[in-house]
Amino acid sequence: RAIDEDRKTKYIAALKIQRWFRACRVRAYLRHLSKTATLIQKWWRGYLRRKNFREVVERAYFIRKLKFYNEMAVRIQKIWRGYYVRKYIHNFYALKKYLEAVSVNNELVRSELQEYAEMKENEEKMKDLEKKEKEKKYQARKMHYLLSTEQIPGIYNSPFRKSPDPMELLLRKSKPLTHRKQKIQSSFADELYDWPTCKKPPAFVTALPLLPADRQKPQGPFRDPAEVLRQRYKPLEPTLRVRESMNSPPARAREATGREEWRSPIHDNEFLPFSSYHKKAEKYEPSLCKSGKYGREAYGTKHFREVYPKKWIADK
């Protein structure tokens, strides 16, 4: 019995030793596999990076060579084109001659323009002088009554002056202004002559008869004779009813329009209740919170709770 118990204990101890050893061997093998895989990946990634770096370096070197080649080609083309243009297209000496000719032409044009401006200025001055001379002559003809006579010297020929004023000589040379002739107005009979022929519309006396020059206003509380004549010969201004017939289309149309207005009158002022009659008659305007660009909002008038159907979980 003691031997069996010892064998069983040794058997359990041997199992534990085997289990621990096998676990250590498996873990050591897994560590070896992991290190090997990491080493392979490290070498492979290094190879890929070195290969990619060589390609990048080759591409950059090729781009640099191409850029240098293009710069040198552009420099050669620039020098050649400059030489060709200076020799065959834009000759320096020909351009210099052209610019000299342009400068000479500009001087000629400038001198001509200066002469033209001076001529215009002289013409303007001459016009101003002629205008002033005309004004002086007109004033001399207008003030011809200031000319001095043998008995009475004028204001321009004062005895206190050493010599007469130039205006005095101008007054002697000029003639006095003549009186304007009054237009003869047509008589009343000539206007009546055109009525049967319908050359002119019928009209009454529009021009007042002239009063004698020596007539004076009578003494007493009487009105001015011109005002009385104006009231007496006042032109006739008939209304539209008198001018046209009652059976004419415009009169019929106005009559129909009057009947329609009497039948269906339109009131611009809206009806207001008696409680707000004493207030200002202003139309109700909704507040900004309850009105929008496309009309009034329904909140507060139809329901008192905002609803967002897009946020519903179910249909109800």
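Computed from a predicted model, the values in this text were never measured in an experiment.

Colleague: I keep staring at the overall build of the protein chain and nothing clicks. Help me out?
Modeller: The helix and strand tally for the protein chain stands at 7 helices and 2 strands. Going through the 316 residues of the protein chain one by one, you find that 7% of them count as buried.

Colleague: Would you explain a nonpolar patch on the surface in this entry?
Modeller: A contiguous nonpolar patch, built from Trp80, Tyr83, Tyr84, Tyr88 and Ile89 and spanning about 580 Å² of accessible area, is present on the exposed surface. Turning to its location among the elements, Ile89 is positioned in helix H1 (residues 2-89).

Colleague: How should I be thinking about the nonpolar core in this particular structure?
Modeller: Proteins that are soluble and globular tend to have nonpolar side chains buried together. Counting residues in each nonpolar core, the largest one holds 5 residues, listed as Ala140, Met143, Tyr156, Met167 and Leu171. Excluding residues that lie within four positions of it along the chain, Ala140 makes contacts with Met167, Leu170, Leu171 and Ser174.

Colleague: Please clarify how the UniProt feature "coiled-coil region" (unreviewed entry) in the protein chain should be interpreted in this entry.
Modeller: The UniProt entry lists residues 106-139 under the feature "coiled-coil region" (unreviewed entry), expressed in the numbering used here. Between the end C-alpha atoms of residues 106-139 the distance is 49 Å, and the span holds 100% helix and 0% strand.

Colleague: Which parts of the structure should I look at to understand the confidence of the model for the protein chain?
Modeller: On average, residues of the protein chain score 79 in pLDDT, and 72% of them are at 70 or above. Element-level mean pLDDT values for the protein chain span from 47 in helix H4 (residues 188-193) up to 94 in H1.

Colleague: Can you help me understand the pattern of salt bridges in this one?
Modeller: For the structure shown, the criterion picks out 5 salt bridges. Notably, a salt bridge pairs Lys10 with Asp6, separated by 3.5 Å at the nearest N-O pair. Taken as a pair, Lys10 and Asp6 lie in helix H1 at a separation of 4 residues, close to a single helical turn. On the basis of relative accessibility, which here comes to 39%, the residue Asp6 falls in the partly exposed class. With a closest N to O distance of 3.8 Å, Glu121 and Lys125 form a salt bridge. Within this pair, Glu121 and its partner Lys125 are both found in helix H2 (residues 92-142), separated by 4 residues, close to a single helical turn. Residue Glu121 is classed as partly exposed on the basis of its relative accessible area, which comes to 43%.

Colleague: Looking at this structure, I do not really get the packing of aromatic side chains. What am I missing?
Modeller: Working definition: an aromatic ring pair is given by the centre-to-centre distance plus the angle between the planes. Taken as a whole and assessed by the stated rule, the structure comprises 5 aromatic pairs. A centroid spacing of 5.5 Å and a plane angle of 35 degrees characterise the contact between Trp44 and Tyr47, whose relative ring orientation is tilted. Taken together, the residues Trp44 and Tyr47, both in helix H1 and 3 residues apart, mark about one turn of the helix. Seen from their ring centres, Phe92 and Tyr93 are 5.4 Å apart, and the 75 degrees between their planes marks the pair as edge-to-face. Put simply, the rings of Trp80, Tyr83, Tyr84 and Tyr88 touch in pairs and so form one group of aromatic residues.

Colleague: Help me understand the packing of H2 against helix H3 (residues 166-173) in this model?
Modeller: Two packed helices can be described by the angle between their axes and the distance between those axes. Look at H2 against H3: their axes get within 9 Å of each other, and the N-to-C directions meet at 70 degrees. As far as their axial angle goes, H3 and H2 are roughly perpendicular. Contact residues: Lys136, Lys137, Gln139 and Ala140 in H2; Met167, Leu170 and Leu171 in H3. Per-class residue counts for the contact of H2 with H3 are 4 nonpolar, 1 polar and 2 charged.

Cut-off values and rules
Residues numbered from 1 in each chain as written. Predicted model: local features only at pLDDT ≥ 70, side-chain atom pairs only at ≥ 80, totals over all residues. Heavy atoms only, no water. Helix = DSSP H or I, 4+ residues; strand = E, 2+ residues; numbered from the N terminus. Buried < 20%, exposed > 50% of the residue type's maximum accessible area, 1.4 Å probe, protein only. Patch = residues over 30% accessible without salt bridge, like charges linked within 9 Å, V, L, I, M, F, W, Y side chains within 5 Å. Areas by Shrake-Rupley, 256 points an atom, 1.4 Å probe, with all protein chains shown as cover. Salt bridge = Lys/Arg side-chain N within 4 Å of Asp/Glu carboxyl O. Core = buried A, V, L, I, M, F, W, Y, C linked by side-chain atoms within 4.5 Å. Contact = heavy atoms within 4.5 Å. UniProt positions renumbered as here; feature names shortened; annotations may be inferred. pLDDT = per-residue confidence, 0-100. Phe/Tyr/Trp six-rings, centres within 6.5 Å; stacked < 30°, edge-to-face > 60°. Axes fitted to C-alpha atoms, helices over the stretch in contact; angles between N-to-C directions. Parallel < 35°, antiparallel > 145°, perpendicular 65-115°, else oblique. Nonpolar A, V, L, I, M, F, W, Y, C, P; charged D, E, K, R; others polar.

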